[in-house]
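Spelled out from the first residue to the last, the chains are:
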Amino acid sequence: MSHTTTTGSGLEQTRRLGVETTGIEIIEESARTAQPRDLFWPWFAANVSVFGISYGSFVLGFGISFVQAVVVTVVGIVVSFALCGVIAIAGKRGSAPTMVLSRAAFGVNGQKVPGVVSWLVSIGWETFLAILAVLATATIFDQLGWSGGTTTQVVATGVVALLIVSASVAGYHVIMRMQSVLTWITGVATLVYVVLTLDEVDWSAVSDIPAGSAQQMVGALVMVMTGFGLGWINIAADWSRYQHRDAPGAAIVGWNTFGGAVAPVLLVVFGLLLAGSSDTLSADIAADPIGTLGTLLPTWFLVPFLITAILALVSGAVLGIYSSGLTLLSLGVRIPRPAAAFIDGVILTLGTIWVVFFAEDFLGPFQSFLITLGVPLAAWAGIMIADIALRKRDYDEEALFDAAGRYGSVDVPAIATMVGASIVGWGLVVNNFASDAAWNNWQGFLIEPLGLGTYVDDPAGPYWEGNWPYANLGVLLALVLGFAVTYVARRAKVRRQES
């Protein structure tokens, strides 16, 4: 069928121009040449960012010791990227984008519910990365004594947007080549940064940090999982759809996990050492991550540091915008894939311009909105992982595009599970931007009834008292509920579909 295979001319154009013309259709057999080890490059390049060092301050902010923080960091990062690896198995089985493969669980039309959530999350977070890149440029220019004002921000916005949009429009093949190059550039520069700032580590101060409670560790764990692997989980299969049919599932999970986790684990642990060495430094990192990290460097390395920081942020944004374009197509928008990526890139650019140049109080509410979407995304992930675990065969490729096929139009139980798990999840998370986004303070409505904490409406800013509120259990609970309900309730249905 024409909508399920790539055409020969399309592949020839891809090879000749370097532009991927394939959209959400099934990748034909001759193009499935990637090996599991190829997954290392995009995941490593998108996550080897000096910004990851700032997470050391965020983790210690939960009031836990260095040892506890290391445990939380390793477990949270590795497990979250392993879950991405499980989703990536679906890409190998179906050779289609993640949100198209999601139709097997939600129905061909029912998939639009998680599809809209996924599209908003991808667009939002990649816009946030672009904003960080622009603001980082202005901060470093200030430190160099150069102009860090409007002109710098305008130029930085143009350069960042051009890099992100160009690579996203070019598509898979160009991005894979770009990421393999960026891996070495950002990896080496980040290593130099670590060497130059080692003398900032105060081992006695780090070892003196008191231990926290189990609840505080859970809160830090959820934050780490959400900030790393779970933040990518809705696009994980997009990068494995070119894998050969015979590629071992364990190898796909392994390379996905290794590529995504190895750099963040090392960077966050180093960030724990820096943040644990100085309370002032830790507070400054939380307020201005990249700018503060730059203050630790000699002047001669500030420019390489800036370039590395921008390239790492751009690398992550490219993956997100590429995938958000595919998600847009899966929602029924009938345009070529490069055009979809371009539209999402324009939205990213306009969002960056608005926040950097016009918005006076937008960043906090914007992040609050995106974090809120993380709960239904976790519920979707649980459902999708259970569906993958239940299936023993490759996907029926034609049925993924046919509402009358074996996957049906709308799977009501799957959507009901996602909605139910999201509602419960929202009841057990709190708004981290309570003052900036008061309209989102409805979250956490189950905390007080369950005796897990007390809401304090302080005029200086509302907050929660207790050990559990800021643990944000709702994210993990949405993930677990989505998985458990689906694994039990849909077992028979999946068996019938595969028979």
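Residues numbered from 1 in each chain as written. Predicted model: local features only at pLDDT ≥ 70, side-chain atom pairs only at ≥ 80, totals over all residues. Heavy atoms only, no water.

A. The overall build of the chain, seen in detail. Within the chain one finds 21 helices and two strands. C-alpha atoms of the chain, sized along the principal axes, occupy 60 × 55 × 40 Å. Within the chain, residue pairs in contact and separated by at least 24 positions form 82% of the contacts whose partners lie at least 6 positions apart. Distance between charge centroids for the chain: 20 Å, based on 22 positive and 33 negative side chains. (Helix = DSSP H or I, 4+ residues; strand = E, 2+ residues; numbered from the N terminus. Contact = heavy atoms within 4.5 Å. Lys, Arg positive; Asp, Glu negative; His and termini not counted. Charge placed at Lys NZ, Arg CZ, Asp CG, Glu CD.)

B. Structural view of the confidence of the model for the chain. A residue-level look at the chain finds 94% of positions with pLDDT of 70 or above and a mean pLDDT of 86. Mean pLDDT values for the elements of the chain range from 38 in helix α1 (residues 8-17) up to 96 in helix α19 (residues 412-426). Taken together, the stretch residues 1-17 has pLDDT below 50 and engages in 27 contacts with residues farther than four places along the chain or on a different chain. (pLDDT = per-residue confidence, 0-100.)

C. Local environment of helix α9 (residues 172-197). The terminal C-alpha atoms of α9 lie 36 Å apart, and with 26 residues this matches the ideal 38 Å at 1.5 Å per residue to within 8%. When we look at burial in α9, the residues that qualify are Tyr172, Ile175, Met176, Gln179, Leu182, Thr183, Thr186, Ala189, Thr190, Tyr193, Val194 and Thr197. Residues of α9 that are buried in the fold lie against α2 (40-47), α8 (150-170), α13 (249-277), α15 (289-294) and α16 (302-330). (Expected span 1.5 Å × (residues − 1). Buried < 20%, exposed > 50% of the residue type's maximum accessible area, 1.4 Å probe, protein only.)

D. The arrangement of a positive patch on the surface in detail. Among the surface-exposed residues, Lys392, Arg491, Arg495 and Arg496 lie close enough to one another that they form a single positively charged patch. Along the chain, arginine 495 turns up in helix α21 (residues 491-498). Among the residues examined, arginine 495 registers a relative accessible area of 52% and is labelled exposed. (Patch = residues over 30% accessible without salt bridge, like charges linked within 9 Å, V, L, I, M, F, W, Y side chains within 5 Å. Areas by Shrake-Rupley, 256 points an atom, 1.4 Å probe, with all protein chains shown as cover. Salt bridge = Lys/Arg side-chain N within 4 Å of Asp/Glu carboxyl O.)

E. Looking closely at the pattern of salt bridges. Following the criterion strictly, the structure yields 10 salt bridges and no others. A salt bridge links glutamate 397 to arginine 245; its shortest N-O distance comes to 2.2 Å. A residue pair is termed long-range when its members are at least 10 positions apart, and glutamate 397 in the loop between α18 (363-390) and α19 and arginine 245 in the loop between α12 (229-232) and α13 qualify at 152 residues. The partner of arginine 391 in a salt bridge is aspartate 387, with the nearest N and O atoms 2.7 Å apart. Accessibility expressed as a relative area gives 2% for arginine 391, which makes it buried. Look at the salt bridges and you will find they share partners, linking Glu29, Arg32, Arg245, Asp394 and Glu397 into a network.

F. Seen up close, α2. Counting buried residues along α2, seven of its eight residues qualify, which places the element largely inside the surrounding structure. Along α2, the residues classified as buried are Phe40, Pro42, Trp43, Phe44, Ala45, Ala46 and Asn47. Next to the buried residues of α2 lie α4 (66-94), α9, α12, α13 and α16.

G. Summary view of the packing of aromatic side chains. Applying the stated criterion across every chain, the model contains 18 aromatic pairs. Aromatic pair tryptophan 43 and phenylalanine 81: ring centres 6.3 Å apart, planes at 75 degrees, arrangement edge-to-face. Linking tryptophan 43 in helix α2 with phenylalanine 81 in helix α4, this pair joins segments that are 38 residues apart in sequence. Judged by relative accessible area, which is 0%, phenylalanine 81 ranks as buried. Ring centres of tryptophan 43 and tryptophan 232 lie 5.8 Å apart, and the angle between their planes is 90 degrees; on these two criteria the pair is classed as edge-to-face. Residue tryptophan 43 is found in helix α2, and its partner tryptophan 232 is found in helix α12; the two are separated by 189 residues along the sequence. Since its relative accessible area comes to 9%, tryptophan 232 is described here as buried. (Phe/Tyr/Trp six-rings, centres within 6.5 Å; stacked < 30°, edge-to-face > 60°.)

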